[in-house]
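Chain by chain, the residues:
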Amino acid sequence: MAGRVRWGILGTGKIASDFTSALRMSDNAIVAAVGSRTQSSADEFARVHGIAKAHGSYEALVADADVDAIYVSTPHTGHKDATLLALKNKKHVLCEIPMAMNLKEVKQMVELARSSSLFLMEAMWTRFFPAYDHIRKMIKEGTLGEIKALIANFGFKHTGKVERLYNPELGGGALLDIGIYPLALAFDVFGCKPSRVQATGHRMDTGVDETVSFTLEFQPGQFASIFTTFSCDTPCDAVIMGTKGSVRVHKPMWHPQDITITIDGKEEHKSFPAPAPPSDFPSMYFDSTGMVYEAQAVSECILKGQTESELMTLEHTLAMAQTLDELRRQVGVVYKQDS
């Protein structure tokens, strides 16, 4: 690897485009190849991003000797198979969220990565933002006192134009698509899996969840209250409350630039601006340049020979998958992968 991880991009959707641009902004990675289910899609993606190799199948991509690591960005239902394919070909893997459709699938992925001594991480880019680095530091130093509560929400009005959001065959539903972000924040804040989970929700005609409201209890007296929906626009913020103070993570809580800290009634505002994009940065999503924090951190882990990230551990991914399974059970959402 000689100081840079050679990445292969598996999938050519919007999120793959933005992560590829983020890799190009980092100084410890290069994008060596892209793979798609069709040669034409791979060729076009390679043309837009200036990638030397374009493969017309996922199998050809993971077999490429010039690739060290694979970024998996297929629809949710394809995550397990694509990740296992890459791991079996001795490639490190960064897999988009959710890691897989359920805990059963996630366990298969983690077990193979660990037995193969290969890096694997769920691509929770939120965890790598400087704003959350600052919040974790405050929590560790006791600035906010003992953390007692988290209130967070993530929702937008679904227009029906994006099929994967409501199609169960593509892993649709608010929980797996956007609810996972405030859920991951709860795990980050409290540092353990919940002891109790209570959820209620509403399903679409397709059977996937449109809205879910849930409460998690962690240690006694520590609670997270989370709301996620495709039915309406929400503030998309989060508030972390402790015995000495609180911090509000302003919209967008999943890639924040601004927080407000309140201690003894006094407010302090802090900003963490996203990196400015290069002039040739192809961007599909707002402020996606923040993916560079994750891209840089994962490449650093791989170069150091680590098999997982200390910031986004496989134990957290396993615990989140277990929690998502229970939330879906309570709301009545079942995928064919659950059988």
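Relevant structure appears above.
Keep in mind that this is a model prediction, so the values were computed, not measured.

**A few points about the pattern of salt bridges**
Part 1: By the definition in use, this model includes 22 salt bridges.
Part 2: Arg 6 is paired through a salt bridge with Asp 68; the nearest N and O atoms lie 2.8 Å apart. Pair noted here: Arg 6 is in strand β1 (residues 5-10) and Asp 68 is in the loop between α3 (58-62) and β4 (69-72), with a separation of 62 residues, a long-range link.
Part 3: The partner of Arg 328 in a salt bridge is Asp 325, with the nearest N and O atoms 3.2 Å apart. With Arg 328 and Asp 325 both in helix α9 (residues 314-331), this residue pair falls 3 residues apart, about one helical turn.
Part 4: You can call Arg 328 buried: its relative accessible area is 3%.

**Considerations on the sheet that holds strand β11 (residues 238-242)**
Part 1: Pairing in this open sheet of 8 strands is mixed, and the strands run β8-β9-β10-β7-β11-β12-β13-β14 from one edge to the other. This sheet does not close on itself; its edge strands, each paired only once, are β8 (196-203) and β14 (266-271). Strand after strand, the sheet turns through a mean of 10° between neighbouring axes, direction not considered.
Part 2: Relative to β11, strand β7 (residues 147-155) runs antiparallel, the two sharing 5 bridges. Bridge pairing links Ile 151 to Val 239 in β11.
Part 3: Its contacts with the sheet place helix α7 (residues 174-190) against β7, β9 (209-217), β10 (223-229) and β11, and it is angled at close to 160° to β7.

**What about the pairing of β14?**
Part 1: Sheet topology places strand β13 (residues 258-263) next to β14; 6 bridges connect them, and they run antiparallel. In the strand pairing of β14, Thr 262 is matched with Glu 267.
Part 2: The turn linking β13 back onto β14 is made up of 2 residues, and Asp 264 within it adopts a positive phi angle of 55°.

**Some thoughts on the packing of aromatic side chains**
Part 1: Using the criterion set out here, one finds 9 aromatic pairs in the structure.
Part 2: For the ring pair Trp 7 and Phe 19, a centre distance of 6.0 Å and an interplane angle of 80° mean the geometry is edge-to-face. In this pair, Trp 7 is assigned in strand β1 and Phe 19 in helix α1 (residues 14-25), connecting sequence segments 12 residues apart. With respect to class, Trp 7 is no different from Phe 19; both count as buried.
Part 3: Look at Phe 19 and Tyr 71: their rings are 4.1 Å apart centre to centre, the planes differ by 25°, and that puts the pair in the stacked class. With Phe 19 in helix α1 and Tyr 71 in strand β4, this residue pair connects regions lying 52 residues apart in the sequence.
Part 4: What makes Tyr 71 buried here is its relative accessible area of 0%.
Part 5: One aromatic cluster is present, formed by Trp 7, Phe 19 and Tyr 71 through successive ring pairs.

How each quantity is defined
- Per-chain numbering applies: the sequence of each chain, read as written, is numbered from 1 onward.
- Reporting of local features is limited, given that this is a predicted model, to residues whose pLDDT is at least 70; pairs of side-chain atoms are given and counted only at 80 or more, and all residues count toward the totals for whole chains, interfaces and linings.
- Values shown for side chains rest on all heavy atoms present in the structure; no hydrogens or waters enter the calculation.
- For this document, the term salt bridge refers to a Lys or Arg side-chain nitrogen within 4 Å of an Asp or Glu carboxyl oxygen.
- In this description a helix means any DSSP run of H or I spanning at least four residues, a strand means any run of E spanning at least two, and both kinds are numbered starting from the N terminus.
- Each residue is placed in one exposure class: buried if its accessible area under a 1.4 Å probe, protein chains only, is under 20% of its type's maximum, exposed if it is over 50%, and partly exposed if it falls in between.
- Paired strands are those between which DSSP finds at least two bridges.
- A fitted line through C-alpha atoms represents every axis, and for helices the fit uses only the stretch in contact; the resulting angles, taken between N-to-C directions, go from 0 to 180 degrees.
- Any two residues having at least one pair of non-hydrogen atoms within 4.5 Å are treated as being in contact.
- Think of it this way: a Phe, Tyr or Trp ring, Trp meaning its six-membered ring, pairs with another when their centres are within 6.5 Å, and the plane angle makes it stacked under 30 degrees, edge-to-face over 60, tilted otherwise.

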